[in-house]
Amino acid sequence: MTAVATAGAASREKVDWHAIDWQRVHQNVRRLQARIVKATQAGRWGKVKALQRLLTRSFSGKALAVKRVTENHGKRTPGVDGEIWNTPQKKAHAIQALQQRGYRSRPLKRVYLAKPNGKRRPLGIPCMIDRAMQALYLLALDPIAETTADPNSYGFRPERSTADAIVQCHLVLGKRASAPWILEGDIRSCFDTISHEWLVANIPMERRILHQWLNAGYIDQHVLYPTVEGTPQGGPISPVLMNLTLNGLERTLQLYLQTLTRRDQEAAKVHLVRFADDFIATGSSAELLEQTIKPLIETFLGKRGLKLSAEKTCITHIEDGFDFLGHRIRKYKRGSRYQLLSTPSPKNIQTFLNKVRAVIKDQATASAHHLIIQLNPIIRGWANYHRHGASKATFAKVDSAIYNRKRRKSGYSRPPGYPSGGTVKSREQPTRMTQLGNSTSRNAWA
């Protein structure tokens, strides 16, 4: 079968993976997603449900779902069944295997990632068939999540990034009359503690399928454990479920402001900026944030089974600065004026330098050329992430730290009585390391 790829139900004829018309597949999916957006905006939830059903049973939707899970970074990571789809024949068969009738979700494979604070973050790795089914329903759920999302929510959303969140922080905090107090919020174990009852009752998708994903359980050290709360990190649909859970937080604060007079609304200076489960709320006073805004947020989260982290949630003055998404945002006094700057946070800098030092240590016997090949992507990625802020001084310090560390790695030490500074030309290896080191650390900022 060539990919005639209609938007209707998938054919049971044999599929040729290489013959699929991917341009038409994308067009069919986008057309149905656009119709879902219009129906959502009009509040026609019956039509939304019908369009979702059409999309999740179409050949185009299934083909695009299989394409996504077989071309991302986790394509070689199997689930508990050890199966991966690494051939065109397996991918073609997977399209026909994505059937709602008789579908049973398999348990997750539990793995752990190290966190900067020494703790471990649990991840649940679904099987390929479950990943593809989640990606399929994600195509039908994404238009609703984007249509109903809070205006200043930036995490796990298309065409939005951490840079957009930092820009919004500058907009609400950078003016002379902006709010001086910030509530730094962090939700404790957000993915792992979301209420299953709330998700099943409020997420607009087939409840039988969602219920299976939420209660699939996970296997750790060959032991099956049940999942009674939360949506495990690791599946394609988990970030959207988390965003749908937290959507409405900004509107909750806006509804509170609408109960005030126009003058009191302007005086309160309440704004919210959220990236995934990290957020900040601004206010005109610490008392307003502590006594009014924080209880409103806690009530909103409590209905969804969530709580604020007591360790990471605090109220800070803008002149003291606060850390958000790896940036230190602080307002500095310049004579009679104030200037808001965002720079790489000290914790973020230390994490980055530790990563660079670990690479240099692991490559102790490698040549300078191969070491630079390993370091350049890390340096370039970190520099590009922070290039939007006031990072010039930080880049110079980090550049010097990397250069000195590589210089020590070369085993070079100055001869007795040799003046500080300058370049030694009597030894070939240190000179080569110096030149290559400069090309690595300095050119990577460009």
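What this report covers is the structure whose coordinates are included nearby.

Calculation criteria
Residues numbered from 1 in each chain as written. Predicted model: local features only at pLDDT ≥ 70, side-chain atom pairs only at ≥ 80, totals over all residues. Heavy atoms only, no water. Core = buried A, V, L, I, M, F, W, Y, C linked by side-chain atoms within 4.5 Å. Buried < 20%, exposed > 50% of the residue type's maximum accessible area, 1.4 Å probe, protein only. Helix = DSSP H or I, 4+ residues; strand = E, 2+ residues; numbered from the N terminus. Contact = heavy atoms within 4.5 Å. Salt bridge = Lys/Arg side-chain N within 4 Å of Asp/Glu carboxyl O.

**A word on the nonpolar core**
The biggest cluster of nonpolar side chains holds 92 residues, and the ones touching the most others in it are Ile203, Met205, Trp213, Ile293, Ile297 and Phe324. The dominant element in this core, judged by the number of residues it contributes, is helix H5 (residues 128–148), at 13 residues. Ignoring any residue separated from it by four or fewer positions in sequence, one finds Trp213 in contact with Tyr103, Ser105, Met133, Gln134, Tyr137, Met205 and Ile237. Val359, Leu375, Ile378 and Ile402 belong to the second-largest nonpolar core, a separate cluster that totals 15 residues.

**Observations regarding the pattern of salt bridges**
In total, this model carries six salt bridges according to the counting rule given. Linking Arg157 and Glu146 is a salt bridge whose minimum nitrogen-to-oxygen distance equals 3.1 Å. One end of the pair, Arg157, is in the loop between H5 and helix H6 (162–173); the other, Glu146, is in helix H5, with 11 residues separating them in the sequence. Note on Arg157: relative accessible area 10%, which makes it buried. On the basis of relative accessibility, which here comes to 28%, the residue Glu146 falls in the partly exposed class.

**Focus: the environment of Ile378**
Turning to its location among the elements, Ile378 is positioned in helix H15 (residues 368–386). For Ile378, a relative accessible area of 18% puts it in the buried group. Between the C-alpha atoms of Ile378 and Phe352, which are 26 residues apart in sequence, the distance is 8.6 Å. Residues contacting Ile378, with those up to four places away along its chain left out, are Phe352, Lys355, Val356 and Val359.

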